[in-house]
Every structure is written in C-alpha cells, then in structure tokens.
Amino acid sequence: MYKIGITGGIGSGKSTVCRILCEFGIAVYDSDSRAKELMSQSDTIRQQLIDTFSEECYNAEGLNRAYLASCVFGNSEALQRLNNIVHPAVREDFRA
C-alpha cells in the first residue's frame, strides 16, 4: 500500500485533490479535521490543554479555538507546546 501526503498553502487545492481521491475509492486521512475532532473529543487532550493553557480552552460550545489561537499566535513556545500535545495524538489516530 502506498501512502502519500498532500500539503500546500491555504487555497492551494488540497481539499479538492482529497475529494477526487475519495471519489476513486482511495482512503483519505484528513489530519486537520481529525486534530479538531480529537481536541474536542479526547479527555486526555482536553486535560492537557487545560493544564497547559487554562480552562478557557473549553467553553459551553466545546473547544474554544479563538482563545487557544490567541495563546499561540506569535508565541512559538506556546505553539510548540500545543503541537506536542496534538501531533502525537493525531499520529496515533492515523496509525489506528
């Protein structure tokens, strides 16, 4: 089985390519979507984000993306902490 990665900037056509692949019956793992789902659904990630960035990471609607973005925007150390929480979980989810 081959595995390929689709990368590119905003508006470069990544989603279009993935949609076409799906139409041909090719399995596609959308890491962006899965990361968002995992950040919303995983109790482990939730607790790590709260421990790292505060309880404001979540509100009545779920993940408070605006707050989390404000924590990491322009702060490379905070962004690295976020990546260290989310990326391993996405990698494990992909393997599963």
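Residues numbered from 1 in each chain as written. Predicted model: local features only at pLDDT ≥ 70, side-chain atom pairs only at ≥ 80, totals over all residues. Heavy atoms only, no water.

A. Broad picture of the overall build of the protein chain. Of the regular secondary structure elements, the protein chain holds 5 helices and 2 strands. Starting at the N terminus and walking to the C terminus, you meet the elements of the protein chain as α-α-α-β-β-α-α. With the C-alpha coordinates aligned to their principal axes, the bounding extent of the protein chain is approximately 45 × 30 × 25 Å. Restricting to contacts in the protein chain with at least 6 residues of sequence separation, those with at least 24 account for 40%. For the protein chain, the exposed area adds up to about 7,200 Å²; of that, 52% sits on carbon and sulfur atoms. Distance between charge centres in the protein chain, computed from 10 positive and 12 negative side chains, equals 7 Å. (Helix = DSSP H or I, 4+ residues; strand = E, 2+ residues; numbered from the N terminus. Contact = heavy atoms within 4.5 Å. Areas by Shrake-Rupley, 256 points an atom, 1.4 Å probe, with all protein chains shown as cover. Lys, Arg positive; Asp, Glu negative; His and termini not counted. Charge placed at Lys NZ, Arg CZ, Asp CG, Glu CD.)

B. Representation of the nonpolar core in the model. Core analysis: the largest hydrophobic core is formed by 19 residues, its most contacted members being M39, L49, F53, C57, L68, L82 and V86. Elements with a contribution of two residues or more to this core: α2 (31-41), α3 (43-53), α4 (65-72) and α5 (76-95). Of the residues forming this core, the biggest block, 5 residues, is contributed by α5. Those residues in contact with L82, other than ones at most four positions away along the chain, are M39, L49, F53, L68 and V72. (Core = buried A, V, L, I, M, F, W, Y, C linked by side-chain atoms within 4.5 Å. Buried < 20%, exposed > 50% of the residue type's maximum accessible area, 1.4 Å probe, protein only.)

C. Here's a closer look at the pattern of salt bridges. Applying the stated criterion across every chain, the model contains 3 salt bridges. A salt bridge links E37 to R34, with the shortest nitrogen-to-oxygen separation between them at 2.4 Å. Of this pair, E37 and R34 both sit in helix α2, 3 residues apart, roughly one helical turn. Taking relative accessible area as the criterion, R34 reaches 22% and is therefore assigned partly exposed. With a closest N to O distance of 2.7 Å, R34 and D93 form a salt bridge. Here D93 lies in helix α5 and R34 lies in helix α2, a separation of 59 residues in the sequence. In this structure, a network of salt bridges that share partners links the residues R34, E37 and D93. (Salt bridge = Lys/Arg side-chain N within 4 Å of Asp/Glu carboxyl O.)

D. Local environment of a nonpolar patch on the surface. On the surface, I4, I6 and V17 cluster together into a nonpolar patch covering about 250 Å² of accessible area. Secondary-structure assignment places I4 in the segment before α1 (14-23). (Patch = residues over 30% accessible without salt bridge, like charges linked within 9 Å, V, L, I, M, F, W, Y side chains within 5 Å.)

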